[in-house]
Amino acid sequence: MTATDWTETPLGEQLTFQRGFDITKKEQEDGPYPVVSSSGIKSHHKEFKVNGPGVIIGRKGTLGTAFYVDSDFWPHDTTLWVKDFHGNDPKFAYFFVQCMGFEQYDCGASNPTLNRNHIHKLPVLFPGLPTQHKIASILSAYDDLIENNTRRIAILEEMAQAIYREWFVHFRFPGHEHVKLVDSPLGQIPEGWEVKKLGDAIELPYGKALKKADRKGGDVAVYGSGGIVGYHDEFLSAGPGIVVGRKGNVGSVFWSDVSFYPIDTAFYVKSDLPLHYVYFNLLLSQQFLNSDAAVPGLNRNQAYSNPFLIPENDLLDSFTQQIAPIFSLTRSLRSRNRNLRTTRDLLLPKLISGNLDVEDLDIDVGMATEAMEETTA
């Protein structure tokens, strides 16, 4: 049962949508304004068409995807954007359209297409403005925490990469002042280090085919050459581990903290060396070449012939001690984000439909944010 300030009305009387504006990639000149397509922000342009804040949904290709933009922006021709909010809260409108299921209103003959005149007639339940503000505040608090954690993860990853480069690219590792450089196939390297072939340092077994229809949706991440492509209930490689793109995204490198399933567009890594070092070496020091004219592909024997620098064991151990806590913290933050997304996704339809009444709720967003941080830590 919904609260008293909710009104049934056609969607078009609450939000008026307008088709976006065509612009090719060639016509765009780099600038501060995001160009929003049906798949999100893919580029920026020096000019904008609409003043922010804005709400944009996918119109062609990918239907119903929803995006919120604070700044002025250019909505691409593949989108519909909200031209008139009729006094409603834009952030609430953003969350509201996520629950509309617009993909079911496809009217395209060949490509998926959304018609704004059709969706304007759809009956919806819309709450009063005070309730809109409360719902938007609750859901925004989740999104803000997720975004904050994501920024922290990016900073930690930059820190880890900086340590690798400092130690193993620029050779400014602890105690380097007392180690002389000697000639090697890679140029001068610290004395005691070795240059081997990549194939002498690691093994790259093939992933195993697992069709989308055969994935059971468990807790095990399924990796392709572009990263996680689904979930399954069995793993192929015990974690932690490393995935290397073989077909499509040649030489892409992914780290998995836990056991995982690499499919046949990827290799996974076996090595007796510390995996943290191997991961950053593959990510930052290797040049993998495409060996296929049709579909981009990585030839394993060609990869095995790449030079691979192996520092002394004591330094590798010290590097692992430096990096492991950083990886532990990023793992914790990713786990928090998964919990936050799960909770937000559970709350979203209940709040937007009015089944979870917030009309009489006295919300302190700051306290709510702190409480969520504690429960998801």
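Above this text is the structure in question.
Throughout, a residue's number is its position along its own chain's written sequence, starting from 1. Per-residue local features are limited, in this predicted model, to residues with pLDDT of at least 70; the limit for side-chain atom pairs, both in listing and counting, is 80 or more; totals at the level of whole chains, interfaces and linings are taken over all residues. Note that the side-chain values use all heavy atoms of the structure and ignore hydrogens as well as water.

Looking at a negative patch on the surface
In step 1: Among the surface-exposed residues, E191, E312, D314 and D317 lie close enough to one another that they form a single negatively charged patch.
In step 2: Here a helix means four or more residues in a row that DSSP labels H or I, a strand means two or more in a row labelled E, and each is numbered from the N terminus. Topologically, E191 is positioned in the loop between strand 11 (189-190) and strand 12 (194-197).
In step 3: You can call E191 partly exposed: its relative accessible area is 42%. Patch membership requires over 30% relative accessible area and the absence of a salt bridge. Like charges are linked within 9 Å, and nonpolar side chains (Val, Leu, Ile, Met, Phe, Trp, Tyr) within 5 Å. Methods summary: accessible areas were calculated by the Shrake-Rupley approach with a probe of 1.4 Å, and residue burial reflects only the protein chains presented. For this document, the term salt bridge refers to a Lys or Arg side-chain nitrogen within 4 Å of an Asp or Glu carboxyl oxygen. Charged-residue counts in this description rest on Lys and Arg as positive and Asp and Glu as negative, His and the chain ends being excluded. The atoms used to mark charge sites are NZ of Lys, CZ of Arg, CG of Asp and CD of Glu. With a 1.4 Å probe rolled over the protein chains alone, any residue whose accessible area is under 20% of its type maximum counts as buried; one over 50% counts as exposed, and the rest are partly exposed.

What about the environment of I146?
In step 1: Residue position: I146 is located in helix 3 (residues 129-169).
In step 2: For I146 and E157, which are 11 residues apart along the polypeptide, the C-alpha to C-alpha distance reads 17 Å.

Concerning the pattern of salt bridges
In step 1: One pass over the full model with this rule turns up nine salt bridges.
In step 2: For R151, the salt bridge identified is with E147, shortest N-O distance 3.1 Å. Of this pair, R151 and E147 are both found in helix 3, four residues apart, which corresponds to roughly one turn of the helix.
In step 3: We classify R151 as partly exposed; its relative accessible area is 46%.
In step 4: Taking the shortest distance from any N to any O, the salt bridge between R331 and D257 comes out at 3.3 Å. One end of the pair, R331, is in helix 7 (residues 313-353); the other, D257, is in the loop between strand 16 (253-256) and strand 17 (260-262), with 74 residues separating them in the sequence.

A few points about the packing of helix 5 (residues 275-285) against helix 7
In step 1: In contact at an axis separation of 8 Å, helix 5 and helix 7 are set at 85° when each is read in the N-to-C sense. In terms of axis orientation, helix 5 runs roughly perpendicular to helix 7. Along the contact surface, helix 5 presents H276, Y277, Y279 and F280, while helix 7 presents L316, F319, T320, I323, A324 and F327.
In step 2: In terms of residue class, the contact of helix 5 with helix 7 is built from eight nonpolar, two polar and no charged. Here, axes are lines fitted to C-alpha atoms. For helices the fit covers the stretch in contact, and angles between N-to-C directions go from 0 to 180 degrees. The labels follow the angle: roughly parallel below 35 degrees, roughly antiparallel above 145, roughly perpendicular from 65 to 115, and oblique for the rest. Any pair of residues with heavy atoms lying within 4.5 Å of one another is described as a contacting pair. Gly falls in the polar group here, along with every residue not listed as nonpolar (Ala, Val, Leu, Ile, Met, Phe, Trp, Tyr, Cys, Pro) or charged (Asp, Glu, Lys, Arg).

Regarding the nonpolar core
In step 1: Grouped together as the largest cluster of nonpolar side chains are 41 residues, with contacts concentrated most on F168, L204, L282 and F319.
In step 2: Of all the secondary-structure elements, those providing two or more residues to this core are helix 3, helix 4 (198-201), strand 15 (241-245), strand 16, helix 5, helix 6 (300-304), strand 19 (307-310) and helix 7.
In step 3: Residues contacting L204, with those up to four places away along its chain left out, are L198, V244, F267, Y268, V269, R300, A303 and Y304.
In step 4: Residues enter a nonpolar core if they are buried and are Ala, Val, Leu, Ile, Met, Phe, Trp, Tyr or Cys, with the set joined through side-chain atoms within 4.5 Å. One finds V55, Y142, L145 and L347 within the second-largest nonpolar core, a separate group that totals 37 residues.

Observations regarding the side chain of H76
In step 1: Summarising the element assignment, H76 is placed in the loop between strand 7 (74-75) and strand 8 (79-84).
In step 2: Apart from residues lying up to four places away in sequence, H76 is in contact with G20, F21, D22, I23, V35, V36 and S37.

Focus: the layout of surface pockets
In step 1: Only protein atoms enter the calculation, which uses a 1 Å grid: trapped sets of points that fit a 1.4 Å probe without letting it out are cavities, open sets showing protein on both sides within 12 Å along at least five of seven lines are pockets, and any residue with an atom within 4 Å of a point is a lining residue. Grid points are joined across faces, edges and corners, and a volume is the space filled by probe spheres set on the points. Volume-wise, the largest pocket comes out at about 680 Å³.
In step 2: Listing elements by their share of the lining of the largest pocket, those giving two or more residues are helix 3, strand 13 (220-224), strand 14 (227-232), strand 16, helix 5 and helix 7.
In step 3: With seven residues, helix 7 is the largest single contributor of residues to the lining of the largest pocket.
In step 4: Taken as a whole, the second largest pocket spans an internal volume of roughly 320 Å³.
In step 5: K91, Y94, D143, D144 and E147 are the residues nearest the centre of the second largest pocket, which is lined by 13 residues in total.
In step 6: Elements that contribute at least two residues to the lining of the second largest pocket include exactly helix 1 (90-98), helix 3 and helix 7.
In step 7: Classifying every residue of the lining of the second largest pocket gives five nonpolar, one polar and seven charged.

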